[in-house]
Amino acid sequence: KRVTMVDFMGYAGLDPTIINVPDKDKLSWAFYTEGGQDVILVSSAGKSICFNEDDVRSSGLQAGGVGGMKLKKGETIVYAAPLAQDYETTQEVLTMTAEGYSKRTSMAEYSKQGRNGGGIVTHKLTTKTGPLVSALILDMDTADEANPATNLLVALTTKGQTQILPVAEVPIGG
């Protein structure tokens, strides 16, 4: 769903309903965009889709949402975010599976699609890797190559343990 900031202005000081979410669904992601930005959605099936926010028409606060990515039964969106204007050269996607396998992929390898498609494979999954549980956009133009200790990935296990990994040690893959 896409809502303009102007839509919120008339509800200042009130507690409006932003989106009607069916009981079988859950709203997990919301973010601000500058207008005309591309966004990425990543699924638990290891697929992702990039499309321009203008593909989603602006709607009033009471309206429901529109399909962003087709999901099969049991699949979920594990990450959603806006992309930088120059994302093809400045950003990477980091993905991590339930069994701890991770990789980075340059956004230059991602083609843009229309919304509500099936997406493209972003992380090949097997029974060994398990499903995709997380993803993250990395801004490579802000990475501090001289001080890799500032570029750390912190992952929490289901048992509550913390795993700290330098981003530079996460393999780059296609």
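An account of the accompanying structure is given in this report. (Residues numbered from 1 in each chain as written. Predicted model: local features only at pLDDT ≥ 70, side-chain atom pairs only at ≥ 80, totals over all residues. Heavy atoms only, no water.)

1. Describing the overall build of the protein
- Each helix and strand counted, the protein has 2 helices and 9 strands in total.
- Along the chain direction, N to C, the helices and strands of the protein fall in the order α-β-β-β-α-β-β-β-β-β-β.
- In terms of C-alpha radius of gyration, the protein reaches 17 Å, essentially the compact-globule figure of 16 Å for 174 residues.
- Projected onto its principal axes, the C-alpha positions of the protein cover 50 × 35 × 35 Å.
- Burial status across the protein gives 31% buried among its 174 residues.
- Here the analysis covers contacts within the protein between residues at least 6 apart in sequence; of these, 69% occur between residues at least 24 apart. (Helix = DSSP H or I, 4+ residues; strand = E, 2+ residues; numbered from the N terminus. Rg over C-alpha atoms; globule rule 2.2 N^0.38 Å. Buried < 20%, exposed > 50% of the residue type's maximum accessible area, 1.4 Å probe, protein only. Contact = heavy atoms within 4.5 Å.)

2. Brief notes about the nonpolar core
- Core analysis: the biggest nonpolar cluster contains 14 residues, and I40, V42, Y79, L83, M107 and I137 have the highest contact counts within it.
- Contributing elements (two or more residues each) for this core: β1 (38–43), β3 (77–82) and β7 (132–139).
- With residues near it in sequence (within four places) discarded, V42 still touches K47, S48, T76, I77, V78, Y79, T122, L132 and A135. (Core = buried A, V, L, I, M, F, W, Y, C linked by side-chain atoms within 4.5 Å.)

3. Overview of the sheet that holds β7
- With antiparallel pairing, 3 strands are arranged side by side in an open sheet as β5-β4-β7. What marks the edges here is a single partner per strand, and that holds for β5 (102–106) and β7. Between one strand axis and the next, the sheet turns through 20 degrees on average, direction left out of account.
- Where strand β4 (residues 91–97) meets β5, 5 bridges bridge the pair, whose relative direction is antiparallel. Across the sheet, residue L94 finds its bridge partner in β5, namely R104. (Pairing = 2+ DSSP bridges. Axes fitted to C-alpha atoms, helices over the stretch in contact; angles between N-to-C directions.)

4. Some words on the pattern of salt bridges
- Taken as a whole and assessed by the stated rule, the structure comprises 3 salt bridges.
- Its salt-bridge partner being K24, residue D25 comes within 3.8 Å of it at the nearest N-O pair.
- Overall, D25 belongs to the partly exposed group, its relative accessible area being 40%.
- Judged by its relative accessible area of 72%, K24 falls in the exposed class.
- Of the charged contacts in the structure, one is a salt bridge between K112 and D38, with a shortest N-O distance of 3.5 Å. Here K112, found in the loop between β5 and β6 (120–121), pairs with D38, found in strand β1; they are 74 residues apart in sequence, far enough to count as distant. (Salt bridge = Lys/Arg side-chain N within 4 Å of Asp/Glu carboxyl O.)

5. Observations concerning the packing of aromatic side chains
- Under the defined criterion, the tally for this structure stands at 1 aromatic pair.
- Seen from their ring centres, W29 and Y79 are 5.6 Å apart, and the 75 degrees between their planes marks the pair as edge-to-face. One end of the pair, W29, is in the loop between α1 (5–9) and β1; the other, Y79, is in strand β3, and 50 residues separate them in sequence.
- Owing to a relative accessible area of 35%, W29 belongs among the partly exposed residues under this scheme. (Phe/Tyr/Trp six-rings, centres within 6.5 Å; stacked < 30°, edge-to-face > 60°.)

6. A look at the sheet that holds strand β2 (residues 47–52)
- One open sheet holds the 4 strands; their spatial order is β3-β1-β2-β6, and the pairing between them is antiparallel. Edge positions in the open sheet fall to β3 and β6, since each of these has one partner strand only.
- Across 5 bridges, the pairing between β1 and β3 is antiparallel. Across the sheet, I40 pairs through a bridge with A81, a residue of β3.

7. What to know about a nonpolar patch on the surface
- Residues L152, V154, L156 and I164 make up a contiguous nonpolar surface patch of roughly 420 Å² in combined accessible area.
- If one sorts the elements of the nonpolar patch by residue count, strand β8 (residues 152–156) sits on top with 3 residues.
- Mapped onto the elements, L156 comes out in strand β8. (Patch = residues over 30% accessible without salt bridge, like charges linked within 9 Å, V, L, I, M, F, W, Y side chains within 5 Å. Areas by Shrake-Rupley, 256 points an atom, 1.4 Å probe, with all protein chains shown as cover.)

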